[in-house]
Amino acid sequence: MLKSDLINILVSKRGVTQKQAEATIETIFESMKEALCRGENIEIRGLGAFHVKNYQGYQGRNPKTGQVIPVKPKRGLLFRTGKELRDRVNRPAPQSAPSDMTDPAKGNTGTGNL
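Everything numeric here is computed off the predicted structure, so don't read it as measured data.

J.: Any chance you could break down the overall build of the protein for me, citing the residues and the numbers?
T.: Across its full length, the protein carries three helices and five strands. The N-to-C order of helical and strand elements in the protein reads α-α-β-β-β-β-β-α. Here the protein, with 114 residues, has 11% of them falling under the buried criterion. When contacts within the protein are restricted to residue pairs at least 6 apart in sequence, long-range pairs at least 24 apart make up 29% of them. For the protein, the accessible area works out to roughly 9,900 Å², and carbon and sulfur atoms hold 55% of it.

So, in structure tokens, the structure goes:
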């Protein structure tokens, strides 16, 4: 799904204009980015949580030369899904009726041979 897909959904479901939908989505994403840059965590119930993790600096090694290289401290971004979303994604898909290609009663074996 793309940002433009979210905008189109907002236009169709809420009846707002394209420009209003773009401004809304842009405002939400910019607010999230700014909060994460400040080191704040974001929790969206039913979806999940974004966490900023601080990594300390360490002495790394160049695998080619073996030279010791200092690695600066940095921050990383983690996303952890909420239980509701995780359960929904892992729910088994509904079984559909078999197609004519694999129906033994119609004499088709599903091998594609004619």
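J.: Tell me what's going on with the packing of helix α1 (residues 3-14) against helix α2 (residues 18-37), and back it up with residues and numbers.
T.: Packing of α1 against α2 brings their axes to within 9 Å, and their N-to-C directions diverge by 125 degrees. One finds that α1 runs oblique with respect to α2. Considering how the two elements wind past one another, α1 and α2 form a crossing that is right-handed. On α2, the residues that touch Lys 3, Leu 6, Ile 7, Asn 8, Leu 10 and Val 11 of α1 are Gln 18, Ala 21, Glu 22, Thr 24, Ile 25, Glu 26 and Phe 29.

J.: Quick rundown of the nonpolar core? Include the residues and the values.
T.: By size, the foremost hydrophobic cluster in this structure holds five residues: Met 32, Ala 35, Leu 36, Ile 42 and Val 52. The biggest single contributor to this core is α2, with three residues. Beyond its immediate chain neighbours, meaning those up to four positions away, Ala 35 contacts Glu 40 and Ile 42.

J.: Summarise the sheet that holds strand β2 (residues 48-55); cite the residues concerned and give the values.
T.: Strands sit in the order β1-β2-β5 across an open sheet of three strands; the sheet is antiparallel. A strand with exactly one partner marks an edge of an open sheet, and here the two such strands are β1 (42-44) and β5 (74-81). Direction aside, neighbouring strands of the sheet carry axes that sit 20 degrees apart on average. Sheet topology places β2 next to β5; eight bridges connect them, and they run antiparallel. Within β5, the residue paired with Lys 53 across the bridge is Gly 76. Most of the contacts of α2 go to β1, to which it runs at about 140 degrees, and overall it touches β1, β2 and β5.

Scoring rules and cut-offs
Residues numbered from 1 in each chain as written. Predicted model: local features only at pLDDT ≥ 70, side-chain atom pairs only at ≥ 80, totals over all residues. Heavy atoms only, no water. Helix = DSSP H or I, 4+ residues; strand = E, 2+ residues; numbered from the N terminus. Buried < 20%, exposed > 50% of the residue type's maximum accessible area, 1.4 Å probe, protein only. Contact = heavy atoms within 4.5 Å. Areas by Shrake-Rupley, 256 points an atom, 1.4 Å probe, with all protein chains shown as cover. Axes fitted to C-alpha atoms, helices over the stretch in contact; angles between N-to-C directions. Parallel < 35°, antiparallel > 145°, perpendicular 65-115°, else oblique. Left-handed = near helix turned anticlockwise from the far one by under 90°. Core = buried A, V, L, I, M, F, W, Y, C linked by side-chain atoms within 4.5 Å. Pairing = 2+ DSSP bridges.

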